Amino acid sequence: MAKIAHPREIKHFIKKNTNKETWTFSLEDYLAPVPETPDAGGMIPSPLQIFADYSRFRFTLIEKKRQTTIVYGNISNDDLEEIQATTDYATTRIMQKRYETQDNPTQSRQIDPNERLAFTQTISIGECRGMTPAQALLESPENLSELERNASWLRERFDMHRNNKSQFEAITAAVEMFKSNRLAPETDTPTEYFKPIEIIDTGIRTVDSTKRGDGKQLVYQLKVTCRLQDEAVYEVEIRNYYAECKGIIPNDTTRTEDHTVRMNLSQKQWRATIRAMNDTKLVYLIAYGPHELKRSKEYISNINNYK
């Protein structure tokens, strides 16, 4: 019998850079139908819930640099509903960004093309990471020194990543506008227009089944952010660490093995990820739905017969 390398995997993407570092995104199916055995209270879940409460999809990021780092986080059915809604909104914004200026040029403020980059290029390093240079300076002038340090670092590393030069030019333009008093809130329309959209932030969650002999268990936080101005517009970020937990609350003073991995996905890749989750749910509904409906009807019929 032939082996299946990853029997739960329903989607994956791999990215590499010029330094031969790689990042892998993997989506796995951990859905399950509602159990038909009674719980501790003697009750069986409603058949028409279809999915067990512990059903989930697993996002895994693998980063291979000098060493390999693997992190994962879970997405529940309720999370998927939120992700679908916020992604639909982000898609609308992406379409507006792509076509609105062409169709309605009068709606766009006239900004020097050499300076526009300051409002549209996201910084991917340092304390201002995730913001555009203009946004960073408009939020706090104290970010100036941090941006200048970032620019110096990027200038020496143009050949390490194709985006480094664009980030350097964006920071330089923003700093020049700021120092000449030309960076003002009224010119901030592009910054607001390209403001990142939070697709999902699970917050801190714990995984009970991972409890170890030292009493610590896995804690994770999964975030997905849409950055409208980037070529790869969706950033997946997963943080993992181990800590002692009181219920679902981790004790941060016991935190160890703290790792965060980030990976960018294109709009096409991200929407394919959502489609894979929805298609998998549909397969489960087709497979288990009729059985659960029949079970519900039979149970109701038996109750009525005893009345």
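Computed from a predicted structure; not experimentally measured. Just so you know, the residues in each chain are numbered from 1, in the order the chain's sequence is written. Reporting of local features is limited, given that this is a predicted model, to residues whose pLDDT is at least 70; pairs of side-chain atoms are given and counted only at 80 or more, and all residues count toward the totals for whole chains, interfaces and linings. As a rule here, side-chain values come from all non-hydrogen atoms in the structure, and water together with hydrogens is ignored.

Peer 1: What exactly am I supposed to notice about the overall build of the chain here?
Peer 2: Helix and strand assignments come from DSSP, with helices taken as H or I runs of at least 4 residues and strands as E runs of at least 2, each series counted from the N terminus. What the chain contains, in helices and strands, is seven helices and 10 strands. Throughout, exposure labels follow a simple rule: accessible area from a 1.4 Å probe, protein chains only, divided by the maximum for the residue type, with under 20% read as buried, over 50% as exposed, and the rest as partly exposed. Residues counted as buried form 44% of the 307 residues belonging to the chain. Working rule for contacts: check all heavy atoms of both residues, and any pair within 4.5 Å makes them a contact. Considering only residue pairs separated by 6 or more positions, the chain has 61% of its internal contacts joining residues 24 or more positions apart. Areas reported here follow the Shrake-Rupley algorithm with a probe of radius 1.4 Å; residue values treat only the protein chains shown as occluding. Within the structure as shown, the chain displays about 18,100 Å² of accessible surface, and the carbon and sulfur contribution to it stands at 50%.

Peer 1: Mind showing me how you'd approach the sheet that holds strand S1 (residues 9-16) here?
Peer 2: Hydrogen bonds along the backbone pair up the strands of a sheet, which may run parallel or antiparallel. A pair of strands is considered paired only if DSSP assigns at least 2 bridges between the two. Across the sheet, which stays open at both edges, the four strands sit in the order S1-S2-S3-S4 with antiparallel pairing between neighbours. In this open sheet, the two edge strands, each paired with only one partner strand, are S1 and strand S4 (68-75). Direction aside, neighbouring strands of the sheet carry axes that sit 15 degrees apart on average. Across eight bridges, strand S3 (residues 56-64) lies against S4 in antiparallel orientation. Looking at the pairing, Arg58 lines up with Asn74 of S4. Axes here refer to lines fitted to C-alpha atoms; in helices the fit is confined to the stretch in contact. Angles between the N-to-C directions go from 0 to 180 degrees.

Peer 1: What should I look at first to understand the side chain of Glu146 in this one?
Peer 2: Note on placement: Glu146 falls in helix H4 (residues 144-155). Nitrogen and oxygen atoms within 3.5 Å of one another constitute a polar contact, given that in protein one can donate a hydrogen and the other can accept it, and given that sequence-neighbouring residues count only through two side-chain atoms. Within polar-contact distance, the side chain of Glu146 engages the side chain of Arg149 at 2.8 Å. The residues contacting Glu146, other than those within four sequence positions of it, are Gly126, Glu127 and Cys128.

Peer 1: Where do I start with unusual backbone geometry in this structure?
Peer 2: Of all residues except glycine, most have a negative phi; of all peptide bonds, most are trans. Of note, the phi angle at Ile50 is positive, near 65 degrees, even though the residue is not glycine. Examined against the element boundaries, Ile50 turns out to sit in the loop between strand S2 (22-30) and S3. One non-glycine residue with positive phi stands out, namely Glu257, at about 50 degrees. Along the polypeptide, Glu257 turns up in strand S10 (residues 256-265). Residue classification places Glu257 among the partly exposed residues on the basis of a relative accessible area of 42%.

Peer 1: Whenever I open this one, the environment of Pro38 confuses me. Can you help?
Peer 2: For Pro38, the location among the structural elements is in the loop between S2 and S3. On the basis of relative accessibility, which here comes to 51%, the residue Pro38 falls in the exposed class.

Peer 1: Help me out: how do you make sense of the side chain of Gln269 in this one?
Peer 2: Within the element layout of this structure, Gln269 appears in helix H7 (residues 267-306). You can call Gln269 buried: its relative accessible area is 17%.

Peer 1: Could you clarify how one ought to interpret the pattern of salt bridges in this entry?
Peer 2: Opposite charge on two side chains allows them to pair when their charged atoms are near. Any Lys or Arg side-chain nitrogen found within 4 Å of a carboxyl oxygen on Asp or Glu counts as a salt bridge. Under the counting rule described, the total for this entry stands at 17 salt bridges. Between Arg255 and Asp258 there is a salt bridge, and its shortest N-O distance comes to 3.1 Å. Taking the relative accessible area as the measure of exposure, Arg255 reaches 33% and is therefore partly exposed. The class for Asp258 is partly exposed, based on a relative accessible area of 33%. A single network of salt bridges, built from pairs that share partners, joins Arg129, Arg227, Glu235, Glu237 and Arg262.

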